[in-house]
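Here is what each chain is made of, one letter per residue.
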Amino acid sequence: MDRLKEWLRPGTARRDVVTTALYLLLLSPAIFVHALHKHVGATTVAVLLCVAAVPLLIRSRWPLGAVAGTAAATIVAVALAGEPSIPPIAFAIALYSFAKRSDRRTTVRVGVCAAVTLTTLALILRPGMAALGDNLGLIAWIGLAVAIGDASRSRRELLASAMERAERAERTKEEEALRRVTEERMRIARELHDVVAHHITLVNAQAGVAHHLMKTDPAHAYEALERIRDTSRSALDELRATVGLLRGSDETAAPREPAPGLGDLDTLVESFHHAGLDVLMEGPGVGSGRPMPALTELTAYRIVQEALTNTHKHAGRQAVARVRVEVGREAVRISVVDDGGQGAARTGMGTGHGMIGMQERVKAAGGTFAAGPGSGGGFRVDAELPLPAGAGAGAGTAEPAGAAL
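Residues numbered from 1 in each chain as written. Predicted model: local features only at pLDDT ≥ 70, side-chain atom pairs only at ≥ 80, totals over all residues. Heavy atoms only, no water.

Draft legend 1. Representation of the overall build of the protein chain in the model. Per the secondary structure count, the protein chain includes 11 helices and five strands. Expressed as a percentage of the 405 residues in the protein chain, the buried residues total 37%. Relative to all contacts within the protein chain whose residues are 6 or more apart in sequence, the contacts with residues 24 or more apart total 72%. Surface accessibility of the protein chain: about 22800 Å² in total, with carbon and sulfur atoms responsible for 61%. (Helix = DSSP H or I, 4+ residues; strand = E, 2+ residues; numbered from the N terminus. Buried < 20%, exposed > 50% of the residue type's maximum accessible area, 1.4 Å probe, protein only. Contact = heavy atoms within 4.5 Å. Areas by Shrake-Rupley, 256 points an atom, 1.4 Å probe, with all protein chains shown as cover.)

Draft legend 2. Quick look at the sheet that holds strand β4 (residues 368-373). The mixed open sheet is built from five strands, whose spatial order is β1-β2-β3-β5-β4. The sheet is open, and its two borders are formed by β1 (278-282) and β4, each paired with just one other strand. Sheet twist, expressed as the mean angle between neighbouring strand axes with direction ignored, is 10°. The pairing of strand β2 (residues 320-327) with strand β3 (residues 331-338) spans seven bridges and is classified as antiparallel. Of the residues in β3, the one forming a bridge with V325 is I334. Packed onto the sheet, helix α10 (residues 294-314) meets β1, β2, β3 and β5 (379-386) and runs at close to 5° relative to β3. (Pairing = 2+ DSSP bridges. Axes fitted to C-alpha atoms, helices over the stretch in contact; angles between N-to-C directions.)

Draft legend 3. Quick peek at the pairing of β3. With respect to burial, β3 is a largely interior element, six of its eight residues being buried. As defined by bridge partners, β3 adjoins β5 across eight bridges and the pair is classed as antiparallel. The residue of β5 that forms the bridge with I334 is A383.

Draft legend 4. Spatial organisation of the environment of L49. Turning to its location among the elements, L49 is positioned in helix α3 (residues 42-53). Using a relative accessible area of 3% as the deciding quantity, one classes L49 as buried.

Draft legend 5. Layout of the pattern of salt bridges. Overall, the coordinates contain nine salt bridges when judged by the stated rule. For E384, the salt bridge is made with R333, and the minimal N-O distance between the two is 3.5 Å. Linking E384 in strand β5 with R333 in strand β3, this pair joins segments that are 51 residues apart in sequence. Since its relative accessible area comes to 36%, R333 is described here as partly exposed. (Salt bridge = Lys/Arg side-chain N within 4 Å of Asp/Glu carboxyl O.)

Draft legend 6. Representation of the nonpolar core. Counting residues in hydrophobic clusters, the biggest one holds 38 residues, and the most contacted among them are V304, L308 and I334. Top contributing element to this core by residue count: α10, with six residues. The residues contacting V304, other than those within four sequence positions of it, are L265, L268, V323, V325, I334 and V336. The next biggest cluster of nonpolar side chains, apart from the first, holds 26 residues, and it includes A53, A92, A115 and I142. (Core = buried A, V, L, I, M, F, W, Y, C linked by side-chain atoms within 4.5 Å.)

Draft legend 7. Summary view of the environment of T309. With respect to the helices and strands, the residue T309 is situated in helix α10. Taking C-alpha positions, T309 is 6.9 Å from T201, a pair spaced 108 residues apart along the chain.

Draft legend 8. Representation of helix α9 (residues 265-274) in the model. Among the residues of α9, L265, L268, V269, S271 and F272 are the ones counted as buried. All buried residues of α9 lie within an arc of 155° about the axis, which places them on one face of the element. Counted as exposed and oriented over 90 degrees from the buried face of α9: D266 and T267. (Arc of directions from axis to C-beta.)

Draft legend 9. The arrangement of the side chain of T296 in detail. Looking at the element boundaries, T296 is found in helix α10. If we skip the residues at most four places from it in the chain, T296 touches V332, L385, P386 and L387.

Draft legend 10. A look at the packing of helix α5 (residues 89-101) against helix α6 (residues 104-125). At a minimum axis separation of 10 Å, α5 and α6 run at an interaxial angle of 160°. Taken together, the axis directions place α5 and α6 in an arrangement best described as roughly antiparallel. The hand of the α5/α6 crossing is right-handed. Together, F91, L95, F98 and A99 of α5 and T106, T107, V110, A114 and L118 of α6 make up the contact between the two elements. Grouping the constituent residues of the contact of α5 with α6 by class yields seven nonpolar, two polar and no charged. (Parallel < 35°, antiparallel > 145°, perpendicular 65-115°, else oblique. Left-handed = near helix turned anticlockwise from the far one by under 90°. Nonpolar A, V, L, I, M, F, W, Y, C, P; charged D, E, K, R; others polar.)

Draft legend 11. Quick peek at a nonpolar patch on the surface. A cluster of nonpolar residues, V17, V54 and L57, forms a patch on the protein surface that exposes about 240 Å² of accessible area. One can find V54 in the loop between α3 and α4 (63-81). A relative accessible area of 52% places V54 in the exposed class. (Patch = residues over 30% accessible without salt bridge, like charges linked within 9 Å, V, L, I, M, F, W, Y side chains within 5 Å.)

Draft legend 12. Representation of the confidence of the model for the protein chain within the structure. Summing up the model confidence of the protein chain, the mean pLDDT is 75 and the portion of residues at 70 or higher is 76%. When pLDDT is averaged over each helix and strand of the protein chain, the minimum, 50, is found for helix α1 (residues 2-7) and the maximum, 91, for β5. Within the model, the stretch residues 248-252 combines pLDDT values under 50 with one contact to residues more than four positions away or in other chains. Contacts for the low-pLDDT stretch residues 345-350, under 50 throughout, to residues beyond four places or in other chains number 17 contacts. (pLDDT = per-residue confidence, 0-100.)

Draft legend 13. The environment of A122, seen in detail. By secondary structure assignment, the location of A122 is in helix α6. Spatially, the C-alpha atoms of A122 and L138 are 8.8 Å apart, while their sequence positions differ by 16 residues. Apart from the residues lying within four places of it in its own chain, the contact partners of A122 are V78, N135 and L138.

As structure tokens, this is what we get:
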């Protein structure tokens, strides 16, 4: 069946041959009976029938030529037989094929031209009231062929348009899904980097302290080991919550702890203080009870975390970092500055994943980000995160900042 459909696919020469054969096979009996009734010779009818059928062989390749050929055969039949012994069915088939493959304006023009020409010639070749109905009937044949062909073309175009929209929608859906997957993968990568970099840095620093004090001051070395244990547990909890996002929806469980925010900055600063980094909190502070988008809080926390992690990793000995977080009515402004310590100062913004992650986080929150060497040495990170209307209400009543830790 599939091979037959392919063999008879529209627009092929094989289909034209089949259509012509069916035309001759199905119409011959009726036309010969009609011709005998009108006293027209069978030979004349057979010749005219074959002449009208020949242009149908080219209706797919040259539809306008098929229309012209069948129209000429119709006029010859009128002139020779004097009666409508050969109905203009071949002409109607050719005109239908032309209407399917052409636009509506061209089809109407060709149809009107054919109707005027054929009707005029028929009235001239067959004058009289007896043949008036048959002569005017040519207009009906032409109008029917044009209408059916145009309707078929419109339906085909409508189906093609619907399929194109469906395919475009499917492509768009796939592209959107891919984009969302990419964004989610980048977000999880940033989370993993921040969690791992921060906690591993602290563990490394605390392990160094424990190793240094193990022989001279075992009590303090034991305290350092306890902090390593607590930091490791915290890292595992955050990693478990982040990696849990990769599980299927049927396995997703609520995180054990909420995402960190500005309220956790004191704990964050305390962890760096125990790791040997002198951190000072400056400015009006964060305040309390202030509504703020979760994304903004998490982004602010991660900016401070990553900036302090970079200071601890790259600044010189005895470096001092100053953290300033201001929650205004329109934005959260974050500034983390270090003095470079006693070692060589860093230059440039760096190309590590931490710096890239901070830039991407701020961009995702709709804010601005800047980082680079400070004017007096050291390094500076500045970020501004916009707040929705009303989120920063009460900024002027913020509590004073904490003292140096």
